[in-house]
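Architecture and fold: a report
Chain by chain, the residues:
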Amino acid sequence: MTTIDPESTIRPMRLPPGQALHIPVRPHTGVQVLSGSLRVRETARWLSGTALSPLHCIGEGQCLQLDEGGWLEMEAASATEVHLLLVEPAEPLAWLWRRLRSLLGPPAPSRQGG
């Protein structure tokens, strides 16, 4: 079972048939298809001097977690509109700041000397 961090950003999206979308994503972003099917091409990676750009085809009810961030290409691969969720992890520094504040508690009231 997978749980979603409450600090994650969940973006519902729709793609009409044949439409492609290029968006920047952070590492460990998840893509879940709610209806239709989707082709997802990851950012190119270098392997032994060759650029590889992994292509994934995911259908209704399936999800994909991306290990690396970068530019992501998503294309509707079905004859009907694709509904999907893009789940981006919390930004590391924002998460750390909120966590520290919750551990330290509210700031002490300042005293004005006279």
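Details of the structure are given in the entry above.
Residues numbered from 1 in each chain as written. Predicted model: local features only at pLDDT ≥ 70, side-chain atom pairs only at ≥ 80, totals over all residues. Heavy atoms only, no water.

What about the sheet that holds strand S2 (residues 20-25)?
Strand order across the open sheet formed by four strands is S2-S9-S4-S7, with antiparallel pairing between neighbours. Looking along the sheet, the strands with just one partner apiece sit at the ends: S2 and strand S7 (55-59). The mean inter-strand angle of the sheet, taken between neighbouring strand axes irrespective of direction, is 25 degrees. Note: strand S4 (residues 37-41) against S7, five bridges, orientation antiparallel. By the bridge assignment for S7, Leu-38 is matched with Ile-58. (Pairing = 2+ DSSP bridges. Helix = DSSP H or I, 4+ residues; strand = E, 2+ residues; numbered from the N terminus. Axes fitted to C-alpha atoms, helices over the stretch in contact; angles between N-to-C directions.)

Brief notes about the sheet that holds strand S1 (residues 9-15)
Here four strands make up an open sheet; going across it, the order is S1-S10-S3-S8 and the pairing antiparallel. Since the sheet does not close on itself, it has two edges, and those belong to S1 and strand S8 (63-65), each with one partner. The sheet shows a mean angle of 20 degrees between the axes of neighbouring strands, taken without regard to direction. Strand direction decides the pairing type here: strand S3 (residues 30-35) and strand S10 (residues 82-88), joined by five bridges, are antiparallel. Looking at the pairing, Val-33 lines up with Leu-84 of S10.

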